[in-house]
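So the chains spell out like this:
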Amino acid sequence: MLDSNSSLTVATTAAAGAAVLGYYYTKKNSNARRPPVVSYTIPWIGSAVTLGKDPDTFFQNAREKYGDIFTVQAAGMRSTYVTSAAAISAIYRNSKSFVFSPTRLEFSIKLFDIPRSVVYDNPYLKESIFPMHHRVLAPANVTPMVDALVKHSVDILEDLNAKITGRQWNTTLEEFAHKPLFRAISAAMLGPLFPAEKVRVLPGAPTLFVQKGIRARNQLIDLFEEYLGTPGWEDEAAELVTMMADGTRNESQPPWTDRELAAAINSDYWAANGNMTWGFFWTINLMLHEPQSLAPLYQELDAARDSWLQAHPGADLSGANFTELMDFLNNASLPLITSTVSEALRVSSSSFSIRTVVEDGVTISGYPQFEFSKGDVLVCQARSVHLDQEIYGSDAATFKPDRFVDAGIVTEGGSRKPFLAFGGGVSQCEGRHFAAKGSKSVMALYLLNFDIKLDPVYEKPSSGSTLFDMSRIGTGIMHPTKPTHILVSKRK
C-alpha cells in the first residue's frame, strides 16, 4: 500500500499529466470534425477501468452511443477506434493515406528487440525479409511447412499415446493440445533439433513492456542465437527461416549478426506459437462444451475416412505411411471441421490493426463527417465486427460450429461475411494459410487417434467455455482463465 506522501505524489503527477495532455489535445482536437470522445469522469485515467473490466460491453455500448468511430481516453492515452466492417474495409482500401509500415517497424523494435539500425538503416528487412514472408507463406508455397507440422505432430502423438497407460488419461487440454502443438510448430519452423522444451514462457504483447516479459523475450532470443550455431540445424528447418538466415548473412550489406537474426526469428516464432496454438486449443475447448461435444466432428471425419478407404483399399492412415496420411488430409472434404476452426478463431480472437495517417485532411470513405490529420493513429477493432449482430445475427456472441458451412459464410446480400481473425489489408497475417490449413489437418489427426471428453469432476458439458482472458484484448487469440480438465482414451 502507498503511504500518504506517495499517494500525494502520484495524484500530483497524474494531475500534472492530465493538464499537459488536456492542453495538447485541446490544440490538436480543435478541429470539430474529429470523432467524439467517450465520456469519462476521472482525468488521465479516463475509461481505463471500464474498458479493462469488460472490453466487449464497453465497445458495444460506445458504438451504440457514439457510432462506428470514437476516441477513448485511457491511462493518459487517447486512441481512436474504428469498429464497423464498412469503416475498417474503407481504411484497408486506402493504404496510401492510412499506412501500416510505421507500426510494423516500431513493433519490430519495441516488441521483438530488433535493433533500430537494422530496422531503419539497413534496407534488407524492408526490401527483402518482408516480401520473402509474403512469397514463401503464399498458399501455393506453404505446403512443405504444413507437411512438416503434421509429420512432427504424428511423432508427438506417439508420445501422447504412450501416456494412456490405463483405460484413459486424466489431463488438461493445455497439456494435451496446446503444448504438443507448440512443440510441433517449433520443429516445423526450426527443425527437430530445436529445444522447444526450454521455452518456459512465451510473453504476450502486454507483458513485453514490463520487466518480466522483457527478460523472457531476451532469454528466448538467447536460445535462438545459441541454436543458430548448432551444426546441421538448417537441414530440416522451414524454408522461410533458412532463407532469412542465408540472406541476412550473405546478401545483406552489412550482414546481420546472429543476435539480430535471432530477434527476427523470434518475431515469427511468437506470431505462430502465440496464436495458432491457442486457436487450436479453443477449437477443441469450445466443441467440448457444446451439448453434443465432439460427436459431430467425429461423425464427419469417420464418414470421410470410410469413403477414402473405399476408394483407396489398404490405405494406411495411422501415420506410418506419411504420404498416404497426407493424401487423405489434403483431399478429404471436412466442411464442419473447417467451419469449427474458423468459428473458434472468430469468437476467441481480439486483434487490433493499427494505421497511421500520413497526410492532413484525410477522411474515411462513407464517414465524411470525420477528418484526420497527419500523425493520427487509428485502431481497427476487429472483434467488434465479429460480434456485430447485423452481420452474424442475434447469436453473434455465441460459438456456433457450423456458422461457416455453406450459406453461413455470406450475407443476405450475397457478399462474403467479414472475417478478421487474421487482420486485414496490408497487415493481414502472412502466416494465415499455414495456420488455417495446419490447424485443420492437426485437428483431423487428433480426432483420428483419440476420444476426448470433459472430465465431469471439473467440467460440465453445457456450462459454456472456459472464460477468455480479456486482459489480452488487441493482441490476437485470447488465453483461458483456468485449465480445462479432460479424459483422453485411444480411439478403437
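Scroll up to find the structure.
Residues numbered from 1 in each chain as written. Predicted model: local features only at pLDDT ≥ 70, side-chain atom pairs only at ≥ 80, totals over all residues. Heavy atoms only, no water.

Enquirer: Please provide a residue-by-residue account of the sheet that holds strand 9 (residues 450–454), values included.
Expert: Judged by pairing direction, the sheet is antiparallel, and its 3 strands sit side by side in the order 4-11-9 without closing on themselves. Of all strands in the sheet, those bounded by a partner on one side alone are strand 4 (169–172) and strand 9. Across the sheet, the mean angle from the axis of one strand to that of its neighbour is 35°, orientation sign disregarded. In this structure, strand 4 lies alongside strand 11 (residues 485–490), joined through 4 bridges in antiparallel fashion. Note on strand 11: the bridge partner recorded for T172 is H485. (Pairing = 2+ DSSP bridges. Helix = DSSP H or I, 4+ residues; strand = E, 2+ residues; numbered from the N terminus. Axes fitted to C-alpha atoms, helices over the stretch in contact; angles between N-to-C directions.)

Enquirer: Tell me about the nonpolar core, and name the residues and values.
Expert: F176 and Y269 are the most contacted members of the largest nonpolar core, which has 123 residues in total. Listed in part, the 23 residues of the second largest apolar core include A87, A382, I391 and L420. (Core = buried A, V, L, I, M, F, W, Y, C linked by side-chain atoms within 4.5 Å. Buried < 20%, exposed > 50% of the residue type's maximum accessible area, 1.4 Å probe, protein only.)

Enquirer: Residue-level account of the side chain of Q381, with values.
Expert: Relative to the elements of secondary structure, Q381 occurs in strand 8 (residues 377–381). Here the side chain of Q381 touches R383 through a polar contact of 3.2 Å, landing on its backbone nitrogen. Beyond its immediate chain neighbours, meaning those up to four positions away, Q381 contacts F59, Y81, V82, T83, I88, S351 and F352. (Polar contact = N/O pair within 3.5 Å; in protein donor to acceptor, adjacent residues only side chain to side chain. Contact = heavy atoms within 4.5 Å.)

Enquirer: Kindly report on unusual backbone geometry, identifying the contributing residues and their values.
Expert: The step from Q253 to P254 runs through a cis peptide bond, and the omega angle for that step is 0°. For P254, the position within the fold is in the loop between helix 11 (239–250) and helix 12 (258–288). Phi angles above zero are rare outside glycine, and A75 is one such case at about 50°. Within the element layout of this structure, A75 appears in the loop between strand 1 (69–74) and strand 2 (77–82). Overall, the relative accessible area of 39% leaves A75 in the partly exposed class. Even without being glycine, S293 reaches a positive phi, approximately 55°.

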